[in-house]
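Chain by chain, the residues:
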Amino acid sequence: MVELKKKEKWMVFSAWPYVNAVPHLGNLIGSVLSADIAARFLRMKGADVIFASGSDQHGTPIEVEAVKRGMNPKEMADEMHIRVKDLFAKWNISFDIYTKTDNPTHIHFVRDFFMNVYENGYVFSDVIQTLYCPIDNIYLPDRFVEGTCPYCSYPRARGDQCDNCGRLLDPLQLIEPRCFLCGSRPVIKESRHWFFDLPKLSKKLEEYILNNPNLPDNAKNMSLQMISEGLRARPLTRDNKWGIPSPFPGAENKTIYVWMEAVLGYISAVKEYFEKLGEPDKWREYWFDKETKSVYFIGKDNIPFHTVILPALLIASGEGYILPWTVASTEYLLFEGEKFSKSRGIGIWIDEALELLPVDYWRFVLVWTRPEVRDTNFTWKGLQEIVNAQLNDTIGNFVHRTLILVKRKFDNVIPDPGELRERDIAVLNTAWSKVNEAEKEMMEFRFKRALASIVDIAGLGNAYLNETRPWDESHLEAAKTLFTACSLVKTLAITLAPVMPESSQKIWKLLGYSGNIEDVGWDEALKPIRPLLRIEEPQPIFRKISDEELESIQAKLSALRLR
């Protein structure tokens, strides 16, 4: 297990959502929610954490969506940024900064950064063939062109990817291509573009990957395979208008390719964070300190950009930026056995979910089904079973019955137990061993396993109450039992806080504590509760989902989509 030092610097990043649409539940657990759990846990362990992300706003998908809506790309991108940022706040995502790529700090940083890379000899230009619409007098990159897929014959494949077979495409590969704007057949024209000379950095990238013991095996193997097969130069410019103006001499009418500028947002966001705090140079204490650890929460399809492209850019700058300490990637979350698809109505989107159930129910269910090792499947029946069996019957039941017994036997005051019995000490030690298990899994970013260890504490508590039967015990014996049970409730509240911050705070308050539970620190979970605390009136924290309610929730989702 990685040893965590107090005040150790950590930068926690989640992949920047592309704001041509609202993210779905699979997007959320694959990056933003997982990163939030890590940031909350690391803060509770005493680390100096900066948790940053933002909206990826540039590029052709935004332009295309804006055309569909009859809007200016900037207007649409800013509108979607505000909406997504507000949704993340409702999901209790604890960003230190959630910014956007279309802001002055990012734009200036990207232009300066790429000019530095250019001057270091890692950028070259070349003339390529590309599609051009003579009717609209524009080049047609990526999604500005549609046509028939050369692999599966799907008639509405886009210039960057086929939605039917999933193959990545180049616009020139399309059969019978047509301009997205006017539907006319484009012509082939030559255009000069600028490229990042990635092959030049093959050796340094290989050394970084081989010498980084923190990278997971899947990321390491995928990256080394890419290098062994031979890296290709990556395009840096595009002929579209919506983006960051290219800084290269002769490229004044080009924009920086969105995939290459967005990864630099990890740096510019930290820079912007400290600018807003009035400490404009402090970002350097994180990005240039070799002791700082940076972790990137991403989907598996995003691995190469964080283990090859981003490190290559950082090395090419020659500035001495720290390279990614690790990436934490997930497999795919499926919905009832299928991939999420907005057009086919398959899946749940994060705005819809908040209309259906409390946010902590979703956070718990998503972590419980997190696709850490292989693809996992979200089902409505599975949601009901997780809420009923784990949240309500295991956690909620243990917390509520413990507090009800304290109310009935000790008039709402947590008893002083005197000297604990061997079985009381044994159950506390077993619970605290589960805390240590959960901590180990948290440090390895295996939140699904960590949550299973935490839920085991509630199961242990229920079994302990069933065995000791405090309702039948003498006053003296019941004091020992309920003090021990309340100590387990305290342990549960603290360890659940990164996953379910609202519910944990409610439990903390019910126990009689004041203040923010996350301020007390993770290690407080390994200490008994303070006796003689006056608990609040016991209230159930969770409730079951009946078959009828489950049907009602699904009907409500259908109704939401008819608005």
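So, a few notes on the structure that sits alongside this text. Just so you know, these numbers come straight off a predicted model, no measurement behind them.

### Overview of empty space enclosed by the protein
At step 1: All chains considered together, the criterion is met by one cavity of 30 Å³ or more.
At step 2: Of the pockets and cavities examined, the largest cavity occupies roughly 40 Å³.
At step 3: Lining the largest cavity are H58, G59, T60, D142, R238, N240, W242, G243, T255, I256, Y257 and V258.
At step 4: Of the residues belonging to the lining of the largest cavity, the class tally is four nonpolar, six polar and two charged.

### Focus on the sheet that holds strand β4 (residues 123-133)
At step 1: Spatially, the four strands line up as an open sheet ordered β5-β4-β9-β10, and their pairing is antiparallel. Looking at strand neighbours, the two that pair on one side only are β5 (138-139) and β10 (234-235), the edges of this open sheet.
At step 2: Sheet analysis places β4 next to strand β9 (residues 187-196), joined by ten bridges and oriented antiparallel. Across the sheet, the residue bridging to F124 is F195, located in β9.

### Focus on the packing of helix α12 (residues 359-368) against helix α13 (residues 380-410)
At step 1: Between α12 and α13, whose axes approach to 10 Å, the crossing angle comes to 105°. The orientation of α12 with respect to α13, classified from their angle, is roughly perpendicular. The segment α12 lies against α13, with Y361, W362, F364, V365 and W368 engaging L383, I386, V387, Q390, L391 and I395.
At step 2: Within the contact of α12 with α13, the residues separate by chemical class into ten nonpolar, one polar and no charged.

### Observations regarding the packing of aromatic side chains
At step 1: In total, this model carries 39 aromatic pairs according to the counting rule given.
At step 2: Seen from their ring centres, F297 and F447 are 6.1 Å apart, and the 25° between their planes marks the pair as stacked. Of this pair, F297 sits in strand β13 (residues 293-299) while F447 sits in helix α15 (residues 447-468), and the two are 150 residues apart along the sequence. Note on accessibility: F297 and F447 belong to one class, buried.
At step 3: When the ring of W362 is compared with that of F378, the centres are 6.2 Å apart and the planes differ by 25°; the resulting orientation is stacked. Of this pair, W362 sits in helix α12 while F378 is found in strand β16 (residues 376-378), placing the two residues 16 residues apart along the sequence. We note that W362, like F378, is buried.
At step 4: The rings of F13, W16, F109, F113, F114, Y266, W283, W287, F288, Y296 and Y321 are connected pair by pair, giving a single aromatic cluster.
At step 5: The ring centre of Y286 lies 5.7 Å from the NZ or CZ of K9, which sits over that ring.
At step 6: A cation sits over an aromatic face here: K189 above Y132, 4.1 Å from the ring centre.

About the criteria used
Residues numbered from 1 in each chain as written. Predicted model: local features only at pLDDT ≥ 70, side-chain atom pairs only at ≥ 80, totals over all residues. Heavy atoms only, no water. 1 Å grid on protein atoms, 1.4 Å probe; cavity = no way out; pocket = protein on both sides within 12 Å on 5 of 7 lines; lining within 4 Å. Points joined across faces, edges and corners; volume = space filled by probe spheres on them. Nonpolar A, V, L, I, M, F, W, Y, C, P; charged D, E, K, R; others polar. Pairing = 2+ DSSP bridges. Helix = DSSP H or I, 4+ residues; strand = E, 2+ residues; numbered from the N terminus. Axes fitted to C-alpha atoms, helices over the stretch in contact; angles between N-to-C directions. Parallel < 35°, antiparallel > 145°, perpendicular 65-115°, else oblique. Contact = heavy atoms within 4.5 Å. Phe/Tyr/Trp six-rings, centres within 6.5 Å; stacked < 30°, edge-to-face > 60°. Buried < 20%, exposed > 50% of the residue type's maximum accessible area, 1.4 Å probe, protein only. Lys NZ or Arg CZ within 6 Å of the ring centre and 35° of its normal.

Keep in mind these values describe shape, not function.
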